[in-house]
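What the coordinates show
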Amino acid sequence: MAHRSTQRHADQTFALLTDPYRRISRLFEQAGADAIETRLALKETACLRGREAAQVFYDETRISRAGAMPAPVRRTLLGEGGVQGLDGEAHRARKRVFMALMSPERIARLGDLFEAEWRRAAVEWAGQEEIVLYDALQPVLTRAVCRWAGVPLNPDDEAKRVSHLRALFDAAGSRGPRHLWSRYARRRVDAWLASIIEGIRAGRLAPDPDTAAYAWAWASADDGEPLAARTAAVELANVLRPTVATSVYIVFVAHAMQAHPRRQPVWPPRTPAAAAPSFRRCDAFIRFSRR
């Protein structure tokens, strides 16, 4: 970090509400520093930026995950007992299960399944005067990731499952009735996936060994015994929910392509020689849209 500002800034709570993405960056620029002191919700708060600051958050002697996330977020977005709230070897052991599912071949398989579902859905969309892309994408993503993860998805239950998975991220940070709806959805998702974990262990279901459902059904706790079914369900939801949540970023990309047609990348490339530059530009376009 370059240096720390000695100036203490006034409470930034309301300023953040009106300008949540740029306010703190502007304070850094005004102070000419990478570390500033301020207040949020009247509590003393240190704000850091830069490579060294990021490294602080990966130093387990200084930062712990347990209890860091507010309870309303744990009870909706993340679920209780998941990897995001663990430290030390317990965290690393859970993370290894996730990373074992993230091979290039497995990721490509999920992409293929999503593309197939997208193309099927596009045939239906073509016959409609208008679609809400955000809403239309979530069933597509849910079908693809459930098939990829080895999670049975009954067509009669699809709308309900999609609605509950969406509520975990779409309504998690809300207040009032929408937050209560997200809490209810979390209970339903956990119960659904716990029943799948129990079905696998009992031999009623037999997903492929390289699927997320199989991996979490047989993942071990600290004592060497299988994880509690509800905990395994939370981790399985940590595979499904983020995938469905990419509907947010896909809509951002679609909006950027419509708003800035001259800046969008050409894909597929017109010639083999243009493949690498086109891919790099496509990747940069997607990453920028996501940010």
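These notes cover the structure that comes with them. No experiment lies behind these values; they were computed from the predicted model shown.

As enumerated under the stated definition, the model contains 25 salt bridges in all. Residue R74 is joined to E80 by a salt bridge in which the shortest nitrogen-to-oxygen separation is 3.4 Å. Exposure remark for R74: the relative accessible area of 26% places this residue in the partly exposed category. Residue K160 pairs with D157 through a salt bridge whose shortest N-O separation is 3.8 Å. A residue is classified by how much of its surface remains accessible, and K160, at 40% relative accessible area, is partly exposed. Exposure remark for D157: the relative accessible area of 23% places this residue in the partly exposed category. Connected via shared salt-bridge partners are E60, R65, D87, E89, R92 and R96.

A few words now on the environment of T76. Turning to its location among the elements, T76 is positioned in helix α4 (residues 71-78). On the basis of relative accessibility, which here comes to 0%, the residue T76 falls in the buried class. The sequence separation of T76 and R186 amounts to 110 residues, and the corresponding C-alpha distance is 5.6 Å. Here T76 is in contact with L168, A172, H179, S182, R183 and R186, once residues within four sequence places are set aside. Here P72 takes part through its backbone oxygen, which lies 2.7 Å from a polar atom of the side chain of T76.

Definitions and cut-offs
Residues numbered from 1 in each chain as written. Predicted model: local features only at pLDDT ≥ 70, side-chain atom pairs only at ≥ 80, totals over all residues. Heavy atoms only, no water. Salt bridge = Lys/Arg side-chain N within 4 Å of Asp/Glu carboxyl O. Buried < 20%, exposed > 50% of the residue type's maximum accessible area, 1.4 Å probe, protein only. Helix = DSSP H or I, 4+ residues; strand = E, 2+ residues; numbered from the N terminus. Contact = heavy atoms within 4.5 Å. Polar contact = N/O pair within 3.5 Å; in protein donor to acceptor, adjacent residues only side chain to side chain.

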